[in-house]
Amino acid sequence: ADYVLYLSQTKDDETISKWGKRCSDTLSSSLDKQAIASSSSSAVASGGPSLVRFQVKTASIFTQLRYLLVREARANKRDKATLFSRFVVVLLLNLLFAVIFFQVGNLSDVQSHFGGLAQLSMGCLMYSSQPLLLLFPLERPIFLREYAVGTYSGPAYFFSKVLVDMFLSLITSCLVWVVTYWLMALKGNIFIMILATWLLSLVSSSLALVLGSIARDVKKAIEASAALLVPQMMFAGFFIKMEQIPTLLQWVQYLCALKFAVNMIMITEFGDNCVAGLEPLCEKLLDDNNVEKDYMFYYFAILCALFAALQLVALFFLTRLAFQ
């Protein structure tokens with residue numbers, strides 16, 4: 001809208017008239033009358049009005065995605081306060097964790113060592129879910145208006161948000177381990193740790209996207225998030241050993257992204273790089289939490305599959321329930 005006002009104030013009357021006539025002709029020739037009639041009849045049948053999405057000729061999805069990516073990147077760049085607070089909070093919190101668990105990797109207390117890693121993983125779970133949990137409920141009016149007139153398609157809008165968030169999540173994951181790795185005297189492969197928490201962040205944000213796409217307002221999205229995020233912490237293996245959880249509920253661990261990310265981190269920290277002399281304790285820790293050292297690739301593949309599945313579910317709800 002600001003750009004349209006800018007053009008109307010800077011261009012001459014003849015140019016504006018040509019643009020107006022061209023837009024009017026394009027819209028008039030591209031409206032799908034059958035879609036309008038069908039929408040009207042369904043509105044009457046349901047007893048209430050419904051929004052109509054005009055079927056106009058649009059650019060290719062790659063063009064739409066390119067411009068939406070630029071818009072999303074600019075929006076994040078301009079919102080310096082939110083971007084700054086997001087990274088500063090991650091830095092300060094993980095610096096606090098690193099001080100609390102200072103040099104825990106050199107201690108003989110394997111449980112405290114595992115506790116520090118679990119805390120970092122749970123932090124990544126929460127960092128990534130909050131921004132996207134509020135995104136779609138807050139931006140729903142803008143999306144409805146632009147989507148209804150055919151400005152872009154649902155997938156283009158959706159993936160522009162996802163791609164930008166993937167980049168920000170990668171930066172967040174790198175910050176987590178750069179701040180904590182050496183202060184906590186960790187021994188595992190830092191790149192595997194970054195990969196594990198990045199995938200965890202992507203799955204967590206995807207789950208938040210599903211909730212945000214379904215919820216009509218921010219309050220409902222926040223209330224529903226606790227029921228899906230908190231149980232993952234219970235199945236991470238830190239608060240209670242997996243073997244102590246009732247057999248009837250142990251299958252839930254296979255639906256929890258946090259569990260698979262923690263498994264990857266435990267393999268690289270306790271399976272391949274255990275402190276000399278503590279090998280029996282490391283083996284017992286892995287066994288108590290049902291972690292198989294040879295299953296690193298499977299844990300990675302499951303996280304990728306969860307990410308892809310939740311993205312598709314979120315896209316479905318975004319486009320199908322947008323006008324309901």
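Here the structure is shown first, and the text comes after it.
None of these values were measured; they are calculated from a predicted model.

I'd like to hear about a positive patch on the surface, residue by residue, with values.
Residues Arg74, Lys77, Arg78 and Lys80 make up a contiguous surface patch of positive charge. Of the residues forming the positive patch, the biggest block, three residues, is contributed by helix H4 (residues 61–78). Tracing the chain through its elements places arginine 78 in helix H4. Among the residues examined, arginine 78 registers a relative accessible area of 67% and is labelled exposed.

Account for the packing of H4 against helix H7 (residues 154–180), naming residues and giving values.
How two helices pack is summed up by the angle between their axes together with the distance between the axes. Interaxial distance between H4 and H7 falls to 8 Å at its minimum, and their mutual angle equals 45 degrees. By the angle between their axes, H4 is oblique relative to H7. Crossing of H4 against H7: the hand is right-handed. For the pair formed by H4 and H7, the contact residues are Ile61, Gln64, Leu65, Leu68, Leu69, Arg71, Glu72 and Asn76 on the first element and Pro155, Ala156, Tyr157, Phe159, Ser160, Lys161, Leu163, Val164 and Leu168 on the second. Residue classes in the contact of H4 with H7 are distributed as 11 nonpolar, three polar and three charged.

So what's going on with the pattern of salt bridges? Residues and values would help.
On inspection of all chains with the given rule, the structure shows six salt bridges. With a shortest N-O distance of 2.7 Å, lysine 161 and glutamate 72 are connected by a salt bridge. In this pair, lysine 161 is assigned in helix H7 and glutamate 72 in helix H4, connecting sequence segments 89 residues apart. By the burial criterion, lysine 161 is buried, and glutamate 72 matches it. The closest approach of N and O atoms between lysine 284 and aspartate 288, which form a salt bridge, is 2.9 Å.

So what's going on with the environment of tyrosine 157? Which residues, and what values?
Tracing the backbone shows tyrosine 157 in helix H7. Judged by its relative accessible area of 2%, tyrosine 157 falls in the buried class. Separated by 92 residues in sequence, tyrosine 157 and leucine 65 have C-alpha atoms that sit 7.0 Å apart. Not counting residues up to four positions away in its chain, the partners in contact with tyrosine 157 are Leu68, Arg71, Phe136, Glu139, Phe143, Tyr152 and Leu318.

Residues and numbers for a nonpolar patch on the surface, please.
A grouping of Val89, Leu93, Leu96 and Ile100 is seen on the molecular surface, where their side chains present a nonpolar patch of about 340 Å² in accessible area. Looking at where isoleucine 100 falls in the secondary structure, it is placed in helix H5 (residues 80–100).

Quick one: what's the story with the side chain of aspartate 165, residue by residue and with numbers?
Structurally, the position occupied by aspartate 165 is in helix H7. Apart from residues lying up to four places away in sequence, aspartate 165 is in contact with Arg86, Leu132 and Ser205.

Break down a negative patch on the surface for me, citing the residues and quoting the values.
Judged by side-chain charge, Glu243, Asp287, Glu292 and Asp294 come together as a negatively charged surface patch. Structurally, glutamate 292 can be placed in the loop between helix H11 (279–288) and helix H12 (296–320).

Break down helix H6 (residues 110–148) for me, with residues and values.
Given a rise of 1.5 Å per residue, 39 residues ought to cover 57 Å, and the 56 Å separating the end C-alpha atoms of H6 matches this to within 8%. At arginine 140, H6 shows its strongest bend, of approximately 60 degrees, with the proline proline 141 following within four residues. Residue aspartate 109 occupies the N-cap position of H6, its side-chain oxygen lying 3.3 Å from the main-chain nitrogen of glutamine 111. Of the residues flanking the end of H6, it is glycine 150, one or two places downstream, whose phi is positive at about 80 degrees.

I'd love a proper account of the packing of aromatic side chains, names of residues and values included.
If you walk through the whole model with that rule in mind, you get 11 aromatic pairs. A ring pair is formed by phenylalanine 143 and tyrosine 152, whose centres lie 6.4 Å apart and whose planes are at 25 degrees; its orientation type is stacked. For tyrosine 152, a relative accessible area of 3% translates into the label buried. Pairing phenylalanine 316 with phenylalanine 317 gives two aromatic rings, centres 5.4 Å apart and planes at 70 degrees, and the pair type is edge-to-face. Each member of the aromatic cluster is reached from another via a ring pair, and the members are Phe260, Tyr295, Phe297, Tyr298, Tyr299 and Phe300. Across the ring face of tyrosine 67, the terminal group of arginine 66 is positioned such that the distance to the ring centre comes to 4.6 Å.

How would you sum up unusual backbone geometry? Please name residues and give values.
Keep in mind that most residues, glycine aside, have a negative phi and that most peptide bonds are trans. With phi around 55 degrees, glutamine 103 is a residue other than glycine that occupies positive phi space. Among the residues examined, glutamine 103 registers a relative accessible area of 25% and is labelled partly exposed. In the Ramachandran plot, alanine 185 falls in the positive-phi region, its phi being about 55 degrees despite a non-glycine side chain. The residue alanine 185 is located in the loop between H7 and helix H8 (190–214) in this model.

Which residues make up the nonpolar core, and what are the values?
Membership of the largest hydrophobic core comes to 73 residues, with the highest contact counts inside it found for Phe158, Trp177, Leu258, Met266, Phe270 and Leu303. Put simply, the parts of the chain that give this core at least two residues each are H5, H6, H7, H8, helix H9 (218–234), helix H10 (257–271), H11 and H12. The element that contributes the greatest number of residues to this core is H6, accounting for 16 residues. The contacts of methionine 266, once residues within four sequence positions are left out, are Phe114, Gly271, Leu285, Leu286, Asn289 and Val291. Counting five residues, the second largest nonpolar core, distinct from the first, contains Phe235, Ile245, Val252 and Cys256.

The rules behind each value
Residues numbered from 1 in each chain as written. Predicted model: local features only at pLDDT ≥ 70, side-chain atom pairs only at ≥ 80, totals over all residues. Heavy atoms only, no water. Patch = residues over 30% accessible without salt bridge, like charges linked within 9 Å, V, L, I, M, F, W, Y side chains within 5 Å. Areas by Shrake-Rupley, 256 points an atom, 1.4 Å probe, with all protein chains shown as cover. Salt bridge = Lys/Arg side-chain N within 4 Å of Asp/Glu carboxyl O. Lys, Arg positive; Asp, Glu negative; His and termini not counted. Charge placed at Lys NZ, Arg CZ, Asp CG, Glu CD. Helix = DSSP H or I, 4+ residues; strand = E, 2+ residues; numbered from the N terminus. Buried < 20%, exposed > 50% of the residue type's maximum accessible area, 1.4 Å probe, protein only. Axes fitted to C-alpha atoms, helices over the stretch in contact; angles between N-to-C directions. Parallel < 35°, antiparallel > 145°, perpendicular 65-115°, else oblique. Left-handed = near helix turned anticlockwise from the far one by under 90°. Contact = heavy atoms within 4.5 Å. Nonpolar A, V, L, I, M, F, W, Y, C, P; charged D, E, K, R; others polar. Expected span 1.5 Å × (residues − 1). Bend = angle between axes of the 7 residues up to and from the residue. Polar contact = N/O pair within 3.5 Å; in protein donor to acceptor, adjacent residues only side chain to side chain. Phe/Tyr/Trp six-rings, centres within 6.5 Å; stacked < 30°, edge-to-face > 60°. Lys NZ or Arg CZ within 6 Å of the ring centre and 35° of its normal. Core = buried A, V, L, I, M, F, W, Y, C linked by side-chain atoms within 4.5 Å.

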